[in-house]
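# Structural overview for review
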Amino acid sequence: KSSSKLSHNFTNNNEIHTSAARTSALLSTSIGFQLNPINITSYRLASTNSTWNESSLPDKIKSLDEYKALYDLSINDPERFWKMAAEHLDWYRFPTKIKNTEFDYRTDRGVDIKWYEDGILNVCYNCLDRHIDHDSSASKQVAVVFEPDTPTETRHHVTYGELLRDVKKFANVLKKHGVKKGDRVTVYMPMVVDACVALLACARIGAIHSVVFGGFSASNVAERISDCDSTVVITSDFGLRGGKCSPLKSKIDQALKMKQCSNVRTVLVFERNYGNNADVKDACSDQRGTLEWKEGRDFWAHKEMETVNENCPPEKMNAEDPLFILYTSGSTGKPKGIVHTTGGYLTYTSLTFKYIFDYNPGDVYMCTADIGWITGHSYIIYGPLSNRATTVVFEGVPTYPDVSRFWNVVDKHQVNIFYTAPTAIRSLMAHDDKYVTKTSRQSLRILGSVGEPINSEAWKWYHSVVGDGRCPIIDTWWQTETGGVMITPIANAWELEPSSATLPFFGIKTQLFDKSTKKPLTPPNTGELCIQDSWPGQARSLYRNHERFVDVYFKQYPGYYFTGDGCEIKKNGYHCITGRVDDVLVISGHNIGTAEVEAALNEHAGVSESAVVGYPDKKKNQGMYCFVVLKDDTKESEELRKDLIKSVRNTIGAHVNPDVIHFTPDLPKTRSGKIMRRILRKIVEPDTSNLGDISTLTDPSIVKELIKKSPRTK
Ligand code: WT7
């Protein structure tokens, strides 16, 4: 039976509830009709003969059947699947060994992951030169659209030809300053085209970049510089975000005064104020000319680029040579230096980008992440550029100059594919819809979401208000450690369900486990999410700390990669991420996911955002404390408080009773938009004497406010 009619086919429908009803109606028909073919569990376990008879991968995945055939192949014959995937890249030597991986730490070999191990390639060549080598007209195609913080500031778009020229020159600057293959280079940049130049130049000469998000404090940068022994730092004099000036170079100056950074010998500084915009008055204008400058250590990148030539052959890299290190904070301890390598990472990010977002030549793609995060690495730079896409680099924030900014940018650059985070969606949703509806957004075709669970109210708003009911929502689940998207819809290939990342990508075999018995669970079920076998994009290790890598990800469930997330797999095989497993409360013997309570609170018409944490309680084991941010037009009141408690009970069950509802204008968040639950837990414990480092918050002052107002600290 054909299932090709299952593709996403919402019609123009602005009414949220009708549209949602339609979603579930379509979904249930498809399930009833399709039970066997789309039951992931049944076909995952069955040893099927793949129905994929071609010798190469298709250009697009158009239906669930097509997905299923390829998914079977990718699981049953990963060598064949990932060989075909690697053919999408250009190699100096195509690998003869595709997969050589071991997940079980108890074996003699131990955890060891190698893909394409005898292959030789260069990532920068694959992202730039090869498009021009295959088709000279590519040199005139726009590679990066730059959208500056101030919308009126004029900037040139950068073509593939121009980007390649700048990358070659900057790569030669790095070489001139003694950077060699395998050296670590720390990058501390704002969201500007030069950040792409810096990363691609490192990749071109085989240097390992370690990007530190521009919002991190001097001591955080220092810690990350010294952990990977960088001797060269790339930065910018200033950055602009939301109309505010961020003095990046002076933070590097501070960092380099710290003893642990004494090995840094060179700082290359890009100028935020390009020559052609010298007359623009911005928030940094007053600070220009006040830079501290250490002769012999600090160099202007643009001046150095004038001293080198444009000839820089790409370094021939082994597939398993490291491409970059990216630090991510663990739940405890110092940040983990996640190591990604060359061949597998690029194969994986390139293929996921191509299929998931249904990228067509000529499309304009925009991802609002920062290059300081994995999303920026994989889906602003490497995934899009390796596919010859046009990618938007957006310097600003969603609320500046006003809350229409995203949608104005979409109209200005005619963005077709737009990828953002639920936290941004929720914050924009708190304002009047007119900020969205007054813009056209007709160019939009596909909307993506990443970073945390997207509650169904936000999903529906994104779908019906932002997308006018016509764009599929691609809810992508993945992690810094996974390199690329792992569980996700493929645009227009199958039905969507609000708050579900739907199905695993090719080669990804999910497995649920029971948290207490550690036994595997058979779906439909809810448990701890593990991945059964390796995929090319996964991190290989933590920088110089393989032992911690094994401890954190491979010890809980021997033979499996442990994600740290909870997940529900439904009868139709759809996956719903329920949140970090460490964010589960145990109250009076009931396990309660804080994410579940937050989702319930967020469904309330007056709520913009919430964060739920537990505190010790002698009677109930834990009490439930809810921080609630209200929408602009909603006032806090005793009545509203009761109403919220009632709606949580109604949504999840009468055993779920919030003990404290704390109204606050904001929540402590990291620059990537993650709520810092660690701090909230300390506030409500209460243990406010030792809050740890709060300098990485977007607004550290909120912490004091919360402590002052919390009934538990009185
Ligand atoms: C954690 C990874 C992946 C790039 C950005 C975050 C949560 C991420 C989703 C999603 C539910 C999600 C998970 C995951 N997460 N995407 N679509 N639905 N949860 O990377 O900082 O390494 O965080 O973010 O909890 O483990 P990261």
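Chains are numbered independently. Their residues run from 1 in the order of the written sequence. At least 70 in pLDDT is required for a residue's local features to be given in this predicted model, at least 80 for side-chain atom pairs to be given and counted, and no such filter applies to totals for whole chains, interfaces and linings, which use all residues.

So, about the UniProt feature "domain: Acetyl-coenzyme A synthetase N-terminal" (unreviewed entry) in the protein. Mapped onto this numbering, the UniProt entry annotates "domain: Acetyl-coenzyme A synthetase N-terminal" (unreviewed entry) at residues 67-127. Numbered from the N terminus, helices here are DSSP runs of H or I no shorter than four residues, and strands are runs of E no shorter than two. When the span residues 67-127 is considered, its composition is 39% helix and 16% strand, and the gap between its end C-alpha atoms is 27 Å. UniProt positions are given in the numbering used here, feature names are shortened, and annotations may be inferred rather than shown by experiment.

Turning next to the sheet that holds strand β21 (residues 510-513). Two strands in a sheet stick together by hydrogen bonds in their backbones, pointing the same way (parallel) or opposite ways (antiparallel). Only strands that DSSP links by at least two bridges are regarded as paired with each other. What the five strands build is an open sheet, ordered β22-β21-β23-β25-β26; its pairing is antiparallel. What marks the edges here is a single partner per strand, and that holds for β22 (520-521) and β26 (575-580). Of the pairings in the sheet, the one linking β21 to β22 comprises two bridges and is antiparallel in character. Residue pairing for β22: Phe513 is matched across the bridge by Pro520.

Below, the discussion takes up the packing of helix α9 (residues 218-227) against helix α10 (residues 248-256). What counts as an axis is a line fitted to C-alpha atoms, over the stretch in contact for a helix, and the angles between N-to-C directions run from 0 to 180 degrees. Running from N to C, α9 and α10 point in directions that differ by 60 degrees, and their axes come no closer than 8 Å. Here α9 lies oblique to α10, going by the angle between them. As for the relative orientation of α9 and α10, their crossing is right-handed in sense. Along its contact with α9, which presents Ala218, Val221, Ala222 and Ile225, the element α10 presents Lys251, Ile252, Gln254 and Ala255. Looking at the contact of α9 with α10, its residues break down into six nonpolar, one polar and one charged. Oblique is the label for any angle not under 35 degrees, not over 145, and not in the 65 to 115 range, which are roughly parallel, roughly antiparallel and roughly perpendicular in turn. The handedness criterion is simple: a crossing whose near helix is rotated anticlockwise from the far helix by less than a right angle is left-handed, and one whose near helix is rotated clockwise is right-handed. Once C-beta atoms are placed from the backbone, any two residues with those atoms within 7 Å are in contact. Charged means Asp, Glu, Lys or Arg here, nonpolar means Ala, Val, Leu, Ile, Met, Phe, Trp, Tyr, Cys or Pro, and polar covers whatever is left, Gly included.

Time to look at helix α7 (residues 160-176). When the terminal C-alpha atoms of α7 are compared, their 24 Å separation across 17 residues agrees well with the 24 Å that a helix rising 1.5 Å per residue should span. Think of it as a crowd count around each C-beta: if 20 or more other C-beta atoms lie within 10 Å the residue is buried, if 12 or fewer it is exposed, and in between it is partly exposed, with C-beta placed from the backbone throughout. In terms of residue burial, α7 counts as a mostly covered element, since 12 of its 17 residues are buried. The set of residues buried in α7 consists of Tyr160, Leu163, Leu164, Asp166, Val167, Lys168, Lys169, Phe170, Ala171, Asn172, Val173 and Leu174. At the exit of α7 stands Gly178, carrying a positive phi of roughly 85 degrees. Here a helix's expected span is defined as the number of its residues, less one, multiplied by 1.5 Å.

Once that is clear, we can look at the UniProt feature "domain: AMP-binding enzyme C-terminal" (unreviewed entry) in the protein. Under the present numbering, the feature "domain: AMP-binding enzyme C-terminal" (unreviewed entry) in UniProt falls on residues 596-674. The span residues 596-674 shows a helical share of 29% and a strand share of 32%, and its end C-alpha atoms are spaced 17 Å apart.

For the rest of this paragraph, the subject is the confidence of the model for the protein. Confidence of the predictor at the level of single residues is captured by pLDDT, which takes values from 0 to 100. Per-residue confidence for the protein gives a mean pLDDT of 89; residues scoring 70 or more make up 91%. Per-residue pLDDT stays below 50 along residues 1-49; that stretch engages in 69 contacts with residues further than four places along the chain or on separate chains. ipTM for the predicted complex: 0.99, alongside a pTM of 0.83.

Our focus in this paragraph is unusual backbone geometry. If a residue is not glycine, its phi is most likely negative; likewise, a peptide bond is most likely trans. Pro401 follows Tyr400 through a cis peptide bond whose omega is -5 degrees. Of note, Pro401 is situated in the loop between β17 (390-394) and α14 (405-413). Cis geometry is adopted by the peptide bond preceding Pro686, which originates at Glu685 and carries an omega value of -10 degrees. Inspection of the secondary structure puts Pro686 in the loop between α21 (677-684) and α22 (701-709). One non-glycine residue, Asp358, adopts positive backbone phi at about 50 degrees. In this structure, Asp358 sits in the loop between α12 (343-356) and β16 (364-367). The phi angle at Arg441 is positive, at roughly 60 degrees, despite the residue not being glycine. With respect to the element layout, Arg441 can be found in the loop between α16 (434-437) and β19 (446-450).

Right, let's talk about the pairing of strand β23 (residues 525-531) for a bit. Most of β23 is tucked away, with five of its seven residues classed as buried. In this sheet, β23 lies alongside β21 in antiparallel orientation, the contact comprising four bridges. Across the sheet, Gln511 pairs through a bridge with Cys530, a residue of β23. In this structure, β23 lies alongside strand β25 (residues 561-569), joined through six bridges in antiparallel fashion. In the strand pairing of β25, Gly527 is matched with Cys567.

Among buried residues, those of type Ala, Val, Leu, Ile, Met, Phe, Trp, Tyr and Cys that are joined through C-beta atoms within 7 Å form a set called a nonpolar core. Within the largest apolar cluster, 178 residues are counted, with the highest numbers of intra-cluster contacts made by Leu128, Val167, Phe170, Ala198, Leu200, Ala201 and Val393. Here the element with the most residues in this core is helix α8 (residues 193-205); it accounts for 11 residues. Phe170 has contacts with Val197, Ala198, Ala201, Ala301 and Met305, leaving out every residue within four places of it along the chain.

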